[in-house]
Amino acid sequence: MKLRPAIEADVPAMAYTLEHANAYRDGYPPATLQSRYEMWGDYILERMAKPDAWTHVAELGQSVVGFALGYNSLHVESEKVRDARPELEYLSLLMVHPSAWGRGVASSLLGAVSDTVRDAGREQVFLWTGRQNSRARAVYERNGYRAVHDFTRSSSYGEMVYYLHSV
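Residues numbered from 1 in each chain as written. Predicted model: local features only at pLDDT ≥ 70, side-chain atom pairs only at ≥ 80, totals over all residues. Heavy atoms only, no water.

Student: Sorry if this is basic, but what is going on with the overall build of the protein chain here?
Tutor: Helices and strands together make up the secondary structure of the protein chain, namely 4 helices and 7 strands. When its helices and strands are written in sequence order, the protein chain yields β-α-α-β-β-β-α-β-α-β-β. On C-alpha atoms alone, the protein chain measures out to a radius of gyration of 15 Å, which is about the 15 Å that the 2.2 N^0.38 rule sets for 167 residues. Overall, the protein chain is about 40 × 35 × 30 Å in size when its C-alpha atoms are taken along their principal axes. Considering only intrachain contacts with a sequence separation of at least 6, the fraction spanning at least 24 residues in the protein chain is 61%. Computed over 18 positive and 20 negative side-chain charges, the inter-centroid distance for the protein chain is 6 Å. (Helix = DSSP H or I, 4+ residues; strand = E, 2+ residues; numbered from the N terminus. Rg over C-alpha atoms; globule rule 2.2 N^0.38 Å. Contact = heavy atoms within 4.5 Å. Lys, Arg positive; Asp, Glu negative; His and termini not counted. Charge placed at Lys NZ, Arg CZ, Asp CG, Glu CD.)

Student: Even after reading the chapter, I still don't get the nonpolar core, so can you show me in this structure?
Tutor: Residues Leu18, Ile44, Phe67, Leu93 and Phe126 are the most contacted members of the largest nonpolar core, which totals 24 residues. The set of elements that each furnish at least two residues to this core consists of helix 1 (11-26), helix 2 (34-48), strand 3 (63-72), strand 4 (88-96), strand 5 (124-130) and strand 7 (158-166). Considering every element that reaches this core, the biggest residue donor is helix 1, with 5 residues. Apart from residues no more than four positions distant in its own chain, leucine 18 is found in contact with Trp40, Ile44, Phe67, Leu93 and Met95. Formed by 22 residues, the second largest nonpolar core is a distinct cluster that contains Val65, Ala106, Leu109 and Leu127. (Core = buried A, V, L, I, M, F, W, Y, C linked by side-chain atoms within 4.5 Å. Buried < 20%, exposed > 50% of the residue type's maximum accessible area, 1.4 Å probe, protein only.)

Student: Hey, could you run me through the environment of methionine 160 in this one?
Tutor: Along the chain, methionine 160 turns up in strand 7. On the accessibility criterion, methionine 160 (11% relative accessible area) is buried. Separated by 30 residues in the primary sequence, methionine 160 and glycine 130 place their C-alpha atoms 4.4 Å from one another.

Student: I would appreciate a short explanation of the pairing of strand 3 in the present structure.
Tutor: Side-chain positions along a regular strand alternate between the two faces of the sheet. Judged by how many residues are buried, strand 3 sits mostly within the fold: 9 of 10 residues are covered. Bridge count between strand 2 (residues 54-60) and strand 3: 7 bridges; the pairing is antiparallel. Residue pairing across strands places threonine 55 opposite leucine 69, the latter belonging to strand 3. Counting the residues in the hairpin turn of strand 2 and strand 3 gives 2 residues, including glycine 61, whose phi is positive at 65 degrees. Pairing between strand 3 and strand 4: 7 bridges, direction antiparallel. In the sheet register, asparagine 72 faces strand 4, and the bridge partner there is glutamate 89. (Pairing = 2+ DSSP bridges.)

Student: Please explain the side chain of asparagine 22 as it appears in this structure.
Tutor: Within the secondary structure, asparagine 22 is located in helix 1. With residues up to four places along the chain from it excluded, the contact list for asparagine 22 reads Tyr28, Trp40 and Met95.

Student: Got a minute to help me understand the pattern of salt bridges in this structure?
Tutor: Any two side chains of opposite charge can pair, so long as their charged atoms come close to each other. All told, the structure shown has 8 salt bridges when counted by the stated rule. One salt bridge connects arginine 4 with glutamate 59, and the closest N-O pair in it is separated by 3.0 Å. With arginine 4 in strand 1 (residues 2-5) and glutamate 59 in strand 2, this pair connects stretches of sequence that are 55 residues apart. Assigned by exposure class, arginine 4 and glutamate 59 land together as buried. In this structure, the salt-bridge partner of glutamate 87 is arginine 85, at a minimum N-O distance of 2.9 Å. Given the relative accessible area of 26%, glutamate 87 is considered partly exposed. (Salt bridge = Lys/Arg side-chain N within 4 Å of Asp/Glu carboxyl O.)

Student: Just to check I follow, could you spell out the side chain of serine 73 for this structure?
Tutor: Secondary-structure assignment places serine 73 in the loop between strand 3 and strand 4. The buried category is assigned to serine 73, whose relative accessible area is 1%. Here the side chain of serine 73 touches arginine 85 through a polar contact of 2.8 Å, landing on its backbone oxygen. (Polar contact = N/O pair within 3.5 Å; in protein donor to acceptor, adjacent residues only side chain to side chain.)

Quick look at the structure:
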């Protein structure tokens, strides 16, 4: 597996990964409409354009099979952050294609996130994940993230858990 910073040319593969990971996790067929992948691509590009954003991709062979994308908590939508401050980073997306699940891709990406956050002089990184997303929660907890807030209801995603990690 190879980790590297993402470039704009990676966005279509990242959108494909995001759609397939969500579909597999939630039990619905992945989108077949190009417009769905374009929507995810726009979503990713919008986040990559935030000040001080960082994005890592994981490759197996020549294929992007996962990515992590984040930025400083000062640039997070207000309803998603409880305590925005300069030393706190936000992990907005951590996605791994289902074909690469169980291969250590997520843990490797989380290691790269910790290195990036530490190298930027930051102290902590936080994220939200679905309460029912037991696979992701187990990965975060194995990698030193801890749930620090009770469940919060999101109109888009249901019950969410706030995780925090000190680097």
